Amino acid sequence: MHNILPAWWVWAAPAAFVAVLVHAFNPKRKKQFEQEARVPLKDDPPRKRAAPRCA
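Residues numbered from 1 in each chain as written. Predicted model: local features only at pLDDT ≥ 70, side-chain atom pairs only at ≥ 80, totals over all residues. Heavy atoms only, no water.

### Some details on the overall build of the protein chain
Here is step 1 of the chain: Looking only at helices and strands, one finds 2 helices and 0 strands in the protein chain.
Here is step 2 of the chain: The proportion of buried residues among the 55 residues of the protein chain is 2%.
Here is step 3 of the chain: Total accessible area computed for the protein chain in this model is approximately 6,000 Å², and 67% of it derives from carbon and sulfur atoms. (Helix = DSSP H or I, 4+ residues; strand = E, 2+ residues; numbered from the N terminus. Buried < 20%, exposed > 50% of the residue type's maximum accessible area, 1.4 Å probe, protein only. Areas by Shrake-Rupley, 256 points an atom, 1.4 Å probe, with all protein chains shown as cover.)

Encoded structure:
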């Protein structure tokens, strides 16, 4: 136990990595990620701007 506490990064880094994976691959966020990934091109027709979302 005394050896693990000073080396906190040994367990904190993998835990943070798993937390990011769970957050990124959460099915509830898929639609939001797809909207954010949409890159408008010059020849795209103009779209209505969505109302700002409140958090």
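### Side note on a nonpolar patch on the surface
Here is step 1 of the chain: A cluster of nonpolar residues, Phe17, Val18, Leu21, Val22 and Phe25, forms a patch on the protein surface that exposes about 540 Å² of accessible area.
Here is step 2 of the chain: With respect to the helices and strands, the residue Val18 is situated in helix H1 (residues 9–24). (Patch = residues over 30% accessible without salt bridge, like charges linked within 9 Å, V, L, I, M, F, W, Y side chains within 5 Å. Salt bridge = Lys/Arg side-chain N within 4 Å of Asp/Glu carboxyl O.)

### A look at the environment of His23
Here is step 1 of the chain: On the secondary structure map, His23 appears in helix H1.
Here is step 2 of the chain: Residue classification places His23 among the partly exposed positions, given a relative accessible area of 44%.
Here is step 3 of the chain: In this structure His23 touches Arg29 and Phe33, once residues within four positions along its chain are discounted.
Here is step 4 of the chain: Among the polar contacts listed, one links the side chain of His23 to the side chain of Arg29, at a separation of 3.4 Å. (Contact = heavy atoms within 4.5 Å. Polar contact = N/O pair within 3.5 Å; in protein donor to acceptor, adjacent residues only side chain to side chain.)

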